[in-house]
Amino acid sequence: RVMATCHSLVQIEGPDSEVIGDPLEKASLEAVGWTYSADVARGPAKVSATIIQRHHFNSNLKRMSVVARVQDAQGGVTFELAMKGAPEVVKQFLVDAPSNYDALYKQYAAQGARVIALARRHLGGEVMDVLALKGQPRAEMEQGLTWVGFAIFSCPLKEDSEPALAALRASNHQLVMITGDAPLTACFAASKVHIVTRAVLVLGHAAEEKGQ
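Basis of the calculations
Residues numbered from 1 in each chain as written. Predicted model: local features only at pLDDT ≥ 70, side-chain atom pairs only at ≥ 80, totals over all residues. Heavy atoms only, no water. Helix = DSSP H or I, 4+ residues; strand = E, 2+ residues; numbered from the N terminus. Phe/Tyr/Trp six-rings, centres within 6.5 Å; stacked < 30°, edge-to-face > 60°. Salt bridge = Lys/Arg side-chain N within 4 Å of Asp/Glu carboxyl O. Buried < 20%, exposed > 50% of the residue type's maximum accessible area, 1.4 Å probe, protein only. Patch = residues over 30% accessible without salt bridge, like charges linked within 9 Å, V, L, I, M, F, W, Y side chains within 5 Å. Areas by Shrake-Rupley, 256 points an atom, 1.4 Å probe, with all protein chains shown as cover. Pairing = 2+ DSSP bridges.

Caption draft 1: Region of interest: unusual backbone geometry. Phi is positive for aspartate 39, close to 65°, though the residue is something other than glycine. Position of aspartate 39 among the secondary structure elements: in the loop between β3 (35–37) and β4 (40–42). The phi angle at lysine 46 is positive, at roughly 60°, despite the residue not being glycine. Relative to the helices and strands, lysine 46 is located in the loop between β4 and β5 (48–58).

Here it is as structure tokens:
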């Protein structure tokens, strides 16, 4: 459900109505078997979730969250906050991060995967005031979350990337990578296309790792 609601997809109205946005978010929605239309995500067993508030992704915060009204097949209603983002950032909002949390996401990142942490928080039942929920500060909403898991995305390199970059290196060109991926993921990709040819030292800023 976190993957089905916590996204920035937009539906374009008209004769050729379609959902547009990040290809990975569209693929995630399809993978979990949900559909999305007009701020309502619909899943298996007649479960639906209406997005009532979005805290959009920010490259500095490295996370996004949504508040959704969830209705089950029996008509029961609950409200919940769903969050996704960089694993090291989401971890600070969790009340139940497992002991192997860091080792697990770093294992997949070191293999070149994009790793996104998923979490959620139960906010209350159907008697909640929607306007009051919308008015609550983001900092107050994004706390005390339960870890749901990691979304692991495999992003294979294009077939012609390696030989093209190998030819550039052979002709004495300097190869440089600029990326928004996590450092371990970027290092793996760089090693496959001759940008990195020796052991890498990854340096990070403490505040940046906390999404500040």
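We are not done yet, so read on.
Caption draft 2: Highlighting the packing of aromatic side chains. Under the criterion given, the structure shown has five aromatic pairs. For the pair tryptophan 147 and phenylalanine 150, a centre-to-centre distance of 5.1 Å together with 65° between the ring planes defines the contact as edge-to-face. Pairwise contacts between aromatic rings join Tyr101, Tyr105, Trp147 and Phe150 into one cluster.

Caption draft 3: Structural view of the pattern of salt bridges. Within the structure shown, the criterion is met by seven salt bridges. A salt bridge links arginine 1 to glutamate 80, with the nearest nitrogen and oxygen atoms 2.9 Å apart. Of this pair, arginine 1 sits in the segment before α1 (2–5) while glutamate 80 is found in strand β7 (residues 77–85), placing the two residues 79 residues apart along the sequence. Glutamate 80 sits in the buried class, given a relative accessible area of 7%. Linking glutamate 142 and arginine 63 is a salt bridge whose minimum nitrogen-to-oxygen distance equals 2.8 Å. Taken together, the residues glutamate 142 in the loop between α6 (138–141) and β9 (146–153) and arginine 63 in strand β6 (residues 63–71) connect sequence positions 79 residues apart.

Caption draft 4: Up close: a nonpolar patch on the surface. Judged by side-chain polarity, Val10, Ile12 and Ile20 come together as a nonpolar surface patch covering roughly 220 Å² of accessible area. Along the chain, valine 10 turns up in strand β1 (residues 10–12). When its relative accessible area of 43% is taken as the criterion, valine 10 is described as partly exposed.

Caption draft 5: Focus on the pairing of β5. Across three bridges, β4 lies against β5 in antiparallel orientation. Paired with arginine 42 across the bridge in β5 is serine 48. Counting the residues in the hairpin turn of β4 and β5 gives five residues, including alanine 45, whose phi is positive at 60°. As judged from the eight bridges shared by β5 and β6, these two strands associate in the antiparallel manner. Each residue of the ladder has a partner; that of serine 48, found in β6, is glutamine 71. Two successive antiparallel strands, β5 and β6, enclose a turn made up of four residues, where lysine 62 displays a positive phi of approximately 60°.

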